[in-house]
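Residue strings, one per chain:
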Amino acid sequence: MGILGKIFTWWDGATIGTAIYSWRKGKAVGTDTEGNKYYQSSDGKRRWVIYNGPNDASRVSPDWHGWLHGTHDGDPESYLPPHRGYETAAVPNLTGTEGAYRPAGSIERGGHRARATGDYEAWSPDAL
């Protein structure tokens, strides 16, 4: 991306201003499984994340979400129980991607919906 990309873009990682602020005033707290880095101000009043890739809030893991919003003080390893074998990984928001939910009858799936089964009666203003 280069230095110009870092100066003028905000949607992929941190801008140059955020990177400088994080370097000068921030204290690195931890990193999640996706490589996102979490910071806290030296006085402890502000918390933020620098994404490893596109900036999308749904990419913050549920473990770190509570920390970002001040629900918990320590990093997730200090207050969460260990992950169980039956737990699945968090899935980011898939809207606008190929993995997005498309119900039957939607335009993306051909636009054809199933015919009515006869249990529906259309409303008519004359029926009153």
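Right, let's walk through the structure included here. Note that the structure is predicted; figures quoted are calculated from it, not measured.

1. Observations concerning the pairing of strand 3 (residues 47–50)
Of the two faces of strand 3, the one holding Arg-47 and Val-49 and the one holding Trp-48 and Ile-50 are both buried throughout. Alignment of strand 2 (residues 37–41) against strand 3, held across four bridges, turns out to be antiparallel. Bridged to Tyr-38 within strand 3 is Val-49. Two successive antiparallel strands, strand 2 and strand 3, enclose a turn made up of five residues, where Gly-44 displays a positive phi of approximately 85°.

2. Here we look at a nonpolar patch on the surface
A contiguous nonpolar surface patch, about 350 Å² in accessible area, is contributed by Ile-16, Ile-20 and Trp-23. Here Trp-23 shows up in helix 2 (residues 16–25). Residue class for Trp-23 comes out exposed when judged on its relative accessible area of 70%.

3. Remarks on the pairing of strand 1 (residues 26–31)
The pairing of strand 1 with strand 2 spans five bridges and is classified as antiparallel. Residue Ala-28 lies in a different strand from strand 2, and its bridge partner there is Tyr-39. Between strand 1 and strand 2, which pair antiparallel and follow one another directly, the connecting turn spans five residues, one of which, Gly-35, has a positive phi of 95°.

What counts, and where the lines are drawn
Residues numbered from 1 in each chain as written. Predicted model: local features only at pLDDT ≥ 70, side-chain atom pairs only at ≥ 80, totals over all residues. Heavy atoms only, no water. Buried < 20%, exposed > 50% of the residue type's maximum accessible area, 1.4 Å probe, protein only. Helix = DSSP H or I, 4+ residues; strand = E, 2+ residues; numbered from the N terminus. Pairing = 2+ DSSP bridges. Patch = residues over 30% accessible without salt bridge, like charges linked within 9 Å, V, L, I, M, F, W, Y side chains within 5 Å. Areas by Shrake-Rupley, 256 points an atom, 1.4 Å probe, with all protein chains shown as cover. Salt bridge = Lys/Arg side-chain N within 4 Å of Asp/Glu carboxyl O.

As far as function goes, none of this settles anything; it's purely spatial.
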